[in-house]
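# Analysis of the macromolecular model
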Amino acid sequence: MNILVINAGSSSVKYQLFQMEDASVLAKGRVERIGMDSAILLHEPTDKPDYHKVDEILEHTTAIRKVLDILVHPEHGVIADISAIDAVGHRVVHGGESFKSSVLVTDEVKKEIRRLFDLAPLHNPAHMLGISAVEANMPGVPQAVVFDTAFHQSMPAKAYLYPVPMALYRKHKVRRYGFHGTSHQYVSERAAAFLGRPLGQLKLVTCHIGNGASCAAVQGGQSVDTSMGMTPLEGLMMGTRSGDLDPAIVPYVMGKEDLTIGEVSSMLNKHSGLQAISGISSDMREIVEAMEAGDGNAGLAFEMYAYRLRKYIGAYTAAMNGVDAIVFTAGVGENSAPLRQAVCEQLSFLGVDFDREANEAGRGIEKRITKPGSKVEVLVIPTNEEWVIAQDTYGLIATGAGQSL
């Protein structure tokens, strides 16, 4: 069975085509700058040269058609015909309280995703464009949706409710939802396999650290708390997002600077975090490079970032009354040895016996970065959210067909 995984943004479409029987990626790529006459298609077929083309692509239906065309191209393609794609799985950021697991796309499901637009105005409308574009180009092909929030629906009320009037929850569903759920789920399962222990017996703190960043407390395979909240703004300091701050700062700054709601939202989401403190970049690689060259602001940004991450790890250890392993994943978590060192060397009170040589060695692989006998293990596990989406889609299709997995 071949599963096409789609992650549609407002001006982009990312894709991967999986062959499920051997868990292989036949091709991956992306379309960028949708809506412009200089849109870019980058196609990376396995065992063939990469292909890119600049073309006019004004909307998502055309973008998906371009993707399908290149997948079946005589020279650059990887399948003979579109009929070789058995199903399509979509990433959807926000499922609210409506979706606790992945589901097949139906009219009711689409209606509910649209109802949730207010909770994710930058993401869910774009995901719906992707679903509609697939329907237009591949009528009758089953589609599934996999939600970033679903994994965190196991959180208890004491973790997901905010201490504000309950009417706000009852009327407007103001609560913690959490994000990066597919990543936290994947690395939790991989951590258990790596350690050779049942997931149901483990207490894990998983750290998805990229331009957007979140931690999760995963106990017995279930999320019991996570750092992102009703939106992806809460929690850790990020590339351009502030993370946690005193909420009274918002009206205070709005009054002092005469800012609109939109302007202060833009400030907190797009002009804060590493970018704001360093003054040079939201990219951790550039931050570290500048810090090592003696840039004081870059050094401060790095220290704040590591400090806040370390606090969350400590808090979630307390929430679970212990921790067996800490997992780093995503772009920064997987690739920034200096960040992992800065965090882990200050966790010796938990029983982390950090291994600097292991931390520096190897990239893109699952590895342990603590010494033998460390009371708490620290792992680096590359995430694979697309594979989770493909697996969930396959499971839904197979179950619907009366097959056993």
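Residues numbered from 1 in each chain as written. Predicted model: local features only at pLDDT ≥ 70, side-chain atom pairs only at ≥ 80, totals over all residues. Heavy atoms only, no water.

In the numbering used here, UniProt assigns the feature "binding site: substrate" (unreviewed entry) to Arg 91. The contact partners of Arg 91, leaving out residues within four places of it in the chain, are Ile 6, Asn 7, His 127, Val 146, Asp 148 and Ile 389. (UniProt positions renumbered as here; feature names shortened; annotations may be inferred. Contact = heavy atoms within 4.5 Å.)

Sequence positions flagged by UniProt for "binding site: Mg(2+)" (unreviewed entry) are, in local numbering, Asn 7 and Glu 385. Considering the C-alpha atoms alone, the annotated residues occupy 379 residues of sequence yet fold into one spot, their largest mutual distance being 10.4 Å. Its location among the elements puts Asn 7 in strand β1 (residues 2-8). Other than its neighbours up to four places away in sequence, Asn 7 contacts Ser 12, Val 13, Lys 14, Arg 91 and His 127. Given the relative accessible area of 18%, Glu 385 is considered buried. In this view, Glu 385 contacts Thr 182, Ser 183 and His 208; residues no more than four positions away in its chain are not counted. (Helix = DSSP H or I, 4+ residues; strand = E, 2+ residues; numbered from the N terminus. Buried < 20%, exposed > 50% of the residue type's maximum accessible area, 1.4 Å probe, protein only.)

Strand order in the open sheet formed by eight strands is β5-β4-β3-β2-β1-β6-β8-β7, with mixed pairing between adjacent strands. Strands with a single pairing partner mark the edges of an open sheet, and in this sheet they are β5 (51-57) and β7 (103-104). In terms of strand pairing, β1 meets strand β2 (residues 12-19) through seven bridges, oriented antiparallel. Note on β2: the bridge partner recorded for Ala 8 is Val 13. (Pairing = 2+ DSSP bridges.)

If you trace the six strands from one edge of the open sheet to the other, you get β11-β10-β9-β12-β14-β13, paired in mixed fashion. The strands lining the two open edges of the sheet, one partner per strand, are β11 (222-226) and β13 (367-368). Inspection of the sheet shows β13 paired to strand β14 (residues 377-380) by two bridges, in the antiparallel sense. From the neighbouring strand, Lys 367 faces β14, where its bridge partner is Val 380. Helix-sheet contacts for helix α6 (residues 181-195) involve β9 (203-209), β10 (213-219), β12 (325-329), β13 and β14, and the interaxial angle to β9 is about 130°. In this fold helix α11 (residues 296-320) packs onto β9, β10, β11 and β12, with an angle of close to 155° to the strand it touches most, β9. (Axes fitted to C-alpha atoms, helices over the stretch in contact; angles between N-to-C directions.)

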